[in-house]
Amino acid sequence: MDDLIAEFLTETAESLEVVDSELVKFEANPTERKTLDNIFRLVHTVKGTCGFLGLSRLEAVAHAGETLLGRFRDGKLEVTPLAVTLVLHSIDRIKVILAGLEATGNEPDGDDHDLISQLEAMAEGQEVDLSTVKTVEVPDRPIGAEIDAAEITAPALGVGDIDPATGRALRPGEVSEAELEAAFAAADGPEDGLKPGDIDPATGRQLRPGEVSEADLEAAFAAAEAPDWMNDSAPEPVAEVKAEPVKAPEPVKAAAPVAPKTPAAPEPAPSLGGEDAQGIATTQSIRVSVDVLEGLMTLVSEMVLTRNQLLQISRNREDSAFATPLQRLSTLTGELQDSVMKTRMQPIGAAWKKLPRLVRDLSYELGKKIDLVMEGEGTELDRQVLELIRDPLTHMVRNSADHGLEGTQERIDLGKPANGTIKLAAFHEGGYIVIRIADNGRGLNTARIREKIIEKGLASRGEVEGMNDQQIHRFIFAPGFSTAAAVTNLSGRGVGMDVVRTNIEQIGGQIDLNSVAGQGTTFTIKIPLTLAIVSALIVGAGAQKFAVPQTSVMELVRTGQNAEHRIEKINDALVLRLRNKLLPLVQLGPTLQLEAAKDEDATFVMVIQVGERRYGLVVNDVLDTEEIVVKPLATILRDVDVFSGATILGDGSVVLILDPNAMSERAGNMLEEKAAEETEETITDAGSQKVAMLLFKAGNGAPKAVELEHITRLEHVESSQIEIMEGRAALQYRGKLMPILTVNSDFSGLISAHSDETHIQPLLVFTGEGYAMGLAVDEIVDVVEDHMTIELSADRPGVRGTAIVAGRACEILDVDYYHLRGLAEHQRQPAHSSEKAVA
Amino acid sequence: MSLRDYVTLRVGGQLFGVDAARVHDVFHPRGLTPVPLSRSEIAGVLNLRGRIVTAVCARRRLGLPPREEGAPEPLAIGLEVHGDSYGLVIDSVDEVLKLDDEKFHAPPGNLPPRWAEIIVGVYQLEKELLIVLDPHTLLDAAHLKAA
């Protein structure tokens, strides 16, 4: 493709994005002259450039749009949402054409007459507003159809949106603003406009040689095309000075009149497509392809590693004459690394650019009044991360507008402000960036979600009952979960939040939400600033070292013989009691099948949080923390999913980086485990009331517990009364034969008692419709009243899970399971033991 | 007649050759970090001048018995496949030979499957046969799975 075209495409895409958001701003505040000026100039620049490049179709659309904008500018036409919509449509049309241009290098064929005629009608019909409205509404459909196309192709255009070198979008329009001001001034009287002195204070930047002639050109255009309104507007100095650090020394041209430097550095002047060959020489920022930056990043990473190795060697030598220069090299390397990292950083605003337009469109489509508030747009993060969160963010804003906010009338009825607000905020916190998406809408419908959870089989009714609101709300992140009663055009297809969550977790981030009925929902996303270099804990297991990304490690707990925390066993599963909660444990060494791990003592438990899951990783030692450069593993090793990469440590050795997510999946059934809630919340929550429970011992392992209400009575019978036959047991009880069950289907305990001397066998008697059954237990321990929050899911039938009851880890009996077994016994009873029943 | 350079090497006594243009370097595989849960062919990962190289044991890959006790320290040849750096761990490197394409033969049909797919062909040298390996299939994850 022609270089000029390519450059034009990048710049125009940037301009149009600015126009999108500026138009929304303008619509909200039509008296804001500066915004309109800015829009006007951006469109004008696009038009001018098209003319030079011979892109007639684009030029025609841009021209019609510009004319309409000119009317607004003159105050000859009132700014209506309809008019703004029309302009937005023309911007969309331009995007479609640009997409075609990008794909083929030529302007795609097509007729824009529908749009242009409407734009012109709007521009001319300033006297009869109503009639204009009517005529415009008709061709709205084909335009609307093209918007979709534009939206689909937008990401493709978007790639070049951001100047990687400066980490921010170039704004060609802002420069041409000055030039156009000059042009307008020139139209009034050349002397006024072209005097450098007039421009400098207004724009706060130096004049460059190219500009003067350009201004002449613009002036010529302006005067020739629409002198009437152009002349009307008095040249208004626009002092929009952005504080941008000067990125590169400006090549000073002898001809350039030097203006005094203002404290705020001037906006760099981008080249204006093919219009001005000198434009390139006068820029203060340059475009650098992302590949070059990535390459640079890799090199610096290598350098950091080499530096680390050198430092390690130097530390082990006393006499080293290298120490001082090495120290200097080390500092420089650090600075170089920081600088290169900076080139990758971009303000998060770049990912938010499309949102004002999106919200505006949603607002009209849904008939809701929505204000979008953005805070902390300047917060910077790695561009790689930025690309990855762009889509999830858009999706969530869309969700908030569609599901979160009520309709305007509903809001008024509820006594809320008519305008719903979606607030985006970003800020740094530690090595993370935190993004909040908050709406002041209706909040999540807890009851609806609860029903849906049960309906979709994501949890049983009993489990759901025991959850607090926040735990229930978190189910919206579960795959395939959607509560929208109707699938709208915008959202509610049920592929939403779990995809968002997956995307965010893939980059080591976390997402959570907080919703208050009637007050709104807030999503909080926490993501690492960069993916290239991560802090990691170096841990030892089975005589080997591994790196664990620090982002997922919540805390370290020392265990062992004399430590406060001890590792306990339930069946074969390891758990750790931590602040009254049970933490399932995964042993690193054995999980990785390391031979040497067998004889080791576990000394540390790393509490790891992955999404909603929380578990403890048992390691032998925690050696160090180190900044590591993540390198992908070779393809041949990709099937080993527990490692996300490898890195070279300061001593030159290679360590593998553990993927905490894959580790937890490998650890089996704790997959179902949900992260433990803050204890206080669980207890104060109305959902988990105290229940009376019977504690007893039966079989091996942990004590068992069952809710007292399920038990009809407790019996103590002589063991000799229990009749054992063919692996089953029964008792004559109230004139009927009652099957006796044990927790492990093993009657040896009963048999031995039977053959030996008689002992008293405790029984829990359960009754159902017309039948009864007894559960033989070893010992009844206690009856307690406590909260029952099942924290570990069951690993075998007959057990609902594990919970802390009266300070002890107990397995909670699944009464339904025993009822079923008891019932089964009853049905086959007559065939086997009728004679006994008679006796 | 066109000549081609081959790095010749020995694994378990057998003479093999790899296109010299594909061999980046020859090194001693030291400081290996084993990769738990990986396939048995993977000897580990190591740091070769700042690059992470995955070492693949040629003996295990070819289904040969492990190296004897007291055998000289093995060598590795550096290869690149799909942008990843690999070290193929072998017993020893002999020399670089210029061989005539005309003496090149397709592999015989009676090779075990594990060998057949990683062998490009055979040269008949005066004393013995030189088996030419294809590093691509040798180190390809898909082929490894099938093997």
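Residues numbered from 1 in each chain as written. Chains lettered and ligands numbered in written order. Predicted model: local features only at pLDDT ≥ 70, side-chain atom pairs only at ≥ 80, totals over all residues.

- As recorded in an unreviewed UniProt entry, chain B goes by Purine-binding chemotaxis protein CheW and comes from Asticcacaulis taihuensis.

- You'll find chain A entered in an unreviewed UniProt entry as Chemotaxis protein CheA, with Asticcacaulis taihuensis given as the organism.
- Turning to chain A, the UniProt annotation filed under Catalytic activity (unreviewed entry) states: "ATP + protein L-histidine = ADP + protein N-phospho-L-histidine." (UniProt positions renumbered as here; feature names shortened; annotations may be inferred.)

1. Comments concerning the overall build of chain A
Logical step 1: Secondary structure assignment for chain A yields 27 helices and 30 strands.
Logical step 2: Considering chain A as a whole, with its 839 residues, one finds that 41% of them fall into the buried category.
Logical step 3: Here the analysis covers contacts within chain A between residues at least 6 apart in sequence; of these, 68% occur between residues at least 24 apart. (Helix = DSSP H or I, 4+ residues; strand = E, 2+ residues; numbered from the N terminus. Buried ≥ 20, exposed ≤ 12 C-beta atoms within 10 Å, placed from the backbone. Contact = placed C-beta atoms within 7 Å.)

2. Here we look at the interface of chain A and chain B
Logical step 1: The interface of chain A with chain B comprises 22 residues on the first partner and 21 residues on the second.
Logical step 2: Classifying every residue of the side of chain A that touches chain B by side-chain character gives 13 nonpolar, six polar and three charged. (Nonpolar A, V, L, I, M, F, W, Y, C, P; charged D, E, K, R; others polar.)

3. A word on the confidence of the model for chain B
Any residue range with low pLDDT should be treated as having predicted coordinates unsuitable for detailed reading.
Logical step 1: When pLDDT is averaged along chain B, the result is 86, and 95% of the positions lie at 70 or above.
Logical step 2: Complex prediction metrics read pTM 0.47 and ipTM 0.89. (pLDDT = per-residue confidence, 0-100.)

4. Let's talk about the confidence of the model for chain A
Logical step 1: With 70% of its residues at a pLDDT of 70 or more, chain A has an overall mean of 70.
Logical step 2: Confidence drops under pLDDT 50 across residues 485-495 of chain A; counting only partners more than four residues distant or on other chains, this segment forms 19 contacts.

5. Focus on unusual backbone geometry
Logical step 1: You will see that Gln-593 of chain A, though not glycine, has its phi angle at about 55°, which is positive.
Logical step 2: Relative to the elements of secondary structure, Gln-593 of chain A occurs in the loop between helix H23 (588-591) and strand E14 (604-610).
Logical step 3: Residue Gln-593 of chain A is classed as exposed on the basis of its 10 C-beta neighbours within 10 Å.
Logical step 4: For Leu-37 of chain B, which is not glycine, the phi dihedral falls at a positive 70°.
Logical step 5: Tracing the sequence through the fold places Leu-37 of chain B in the loop between strand E3 (25-27) and strand E4 (42-48).
Logical step 6: The class of Leu-37 of chain B is partly exposed, set by 16 C-beta atoms lying within 10 Å.

6. Here's the deal with the packing of helix H1 (residues 3-28) of chain A against helix H16 (residues 355-366) of chain A
All names here are of chain A.
Logical step 1: Running from N to C, H1 and H16 point in directions that differ by 50°, and their axes come no closer than 8 Å. Put simply, H1 runs oblique to H16. Judged by the sense of rotation from one axis to the other, the crossing of H1 with H16 is left-handed. Of the residues in H16, those touching H1 at Asp-20, Ser-21 and Val-24 are Pro-356, Arg-357 and Arg-360.
Logical step 2: Residue classes in the contact of H1 with H16 are distributed as two nonpolar, one polar and three charged. (Axes fitted to C-alpha atoms, helices over the stretch in contact; angles between N-to-C directions. Parallel < 35°, antiparallel > 145°, perpendicular 65-115°, else oblique. Left-handed = near helix turned anticlockwise from the far one by under 90°.)

7. Examining the sheet that holds strand E8 (residues 533-541) of chain A
All names here are of chain A.
Logical step 1: Taken in spatial order, the five strands of this open sheet run E16-E8-E9-E18-E17, and their pairing is mixed. Edge positions in the sheet fall to strand E16 (621-629) and strand E17 (643-648), since each has one partner strand and no second. Neighbour-to-neighbour, the strand axes of this sheet turn through a mean angle of 35°, independent of strand direction. (Pairing = 2+ DSSP bridges.)

8. Comments concerning the packing of H16 of chain A against helix H17 (residues 383-404) of chain A
Residue and element names in this part refer to chain A.
Logical step 1: At their nearest, the axes of H16 and H17 sit 10 Å apart, and the two run at 25° to each other. In terms of axis orientation, H16 runs roughly parallel to H17. Handedness of the H16/H17 crossing: right-handed. Contacts between H16 and H17 pair Leu-355, Leu-358, Val-359, Leu-362 and Leu-366 from the former with Thr-394, Val-397, Arg-398, Ala-401 and Asp-402 from the latter.
Logical step 2: Residues of the contact of H16 with H17, tallied by class, amount to seven nonpolar, one polar and two charged.

9. Things to note about the sheet that holds strand E29 (residues 799-805) of chain A
All names here are of chain A.
Logical step 1: The strand order across the open sheet formed by six strands is E27-E19-E20-E30-E29-E28, and the pairing between neighbours is mixed. The sheet terminates laterally at strand E27 (779-787) and strand E28 (792-793), the two strands that pair on one side only.
Logical step 2: As judged from the two bridges shared by E28 and E29, these two strands associate in the antiparallel manner. Paired with Leu-792 across the bridge in E29 is Thr-802.

10. Re the pairing of strand E7 (residues 520-528) of chain A
All names here are of chain A.
Logical step 1: Among the nine residues of E7, seven are classified as buried, and the element is accordingly described as predominantly covered.
Logical step 2: As defined by bridge partners, strand E5 (residues 432-439) adjoins E7 across eight bridges and the pair is classed as antiparallel. Considered in E7, the bridge of Asp-439 is made with Thr-521.
Logical step 3: Alignment of strand E6 (residues 510-516) against E7, held across seven bridges, turns out to be antiparallel. Within the sheet, the bridge partner assigned to Asn-514 lies in E7 and is Thr-522.
Logical step 4: Taken together, E6 and the strand that follows it, E7, pair antiparallel across an intervening segment of three residues, in which Gly-518 is found at a positive phi of about 85°.

11. Some thoughts on helix H22 (residues 497-506) of chain A
All names here are of chain A.
Logical step 1: Every buried residue belonging to H22 is among Met-497, Val-500, Arg-501 and Ile-504, and all of these are buried. Buried residues of H22 fall within an arc of 95° about the axis and therefore sit on the same side.
Logical step 2: On the buried face of H22, the contacting elements are H17, E6 and E7.
Logical step 3: Looking one or two residues past H22, Gly-508 carries a phi angle of roughly 75°, positive in sign. (Arc of directions from axis to C-beta.)

12. Overview of the environment of Ile-657 of chain A
Residue and element names in this part refer to chain A.
Logical step 1: Relative to the elements of secondary structure, Ile-657 occurs in strand E18 (residues 654-658).
Logical step 2: Classification of Ile-657 as buried rests on a count of 22 C-beta atoms within 10 Å.
Logical step 3: Through-space distance from the C-alpha of Ile-657 to that of Ala-536 is 8.5 Å; in sequence the pair is 121 residues apart.
Logical step 4: Residue contacts for Ile-657: discarding those within four places in its chain leaves Ala-536, Ala-547, Pro-549, Val-630, Phe-643, Ser-644, Gly-645, Ala-646 and Thr-647.

13. As for the environment of Glu-627 of chain A
Residue and element names in this part refer to chain A.
Logical step 1: Along the chain, Glu-627 falls in strand E16.
Logical step 2: In this structure the C-alpha to C-alpha distance between Glu-627 and Pro-549, which are 78 residues apart in sequence, comes to 9.6 Å.
Logical step 3: Dropping the residues within four chain positions of it, Glu-627 is found in contact with Ile-533 and Ser-535.

14. Details of the pairing of strand E12 (residues 573-578) of chain A
Residues and elements named next belong to chain A.
Logical step 1: As judged from the four bridges shared by strand E11 (residues 567-570) and E12, these two strands associate in the antiparallel manner. Note that in E12 the partner of Lys-569 across the bridge is Leu-574.
Logical step 2: Linking E11 to E12, which pair antiparallel, is a turn of two residues; within it Asn-571 sits at a positive phi near 55°.
Logical step 3: The turn joining E12 and strand E13 (residues 581-587), which pair antiparallel and follow one another in sequence, is formed by two residues; a positive phi near 45° is taken by Arg-579.

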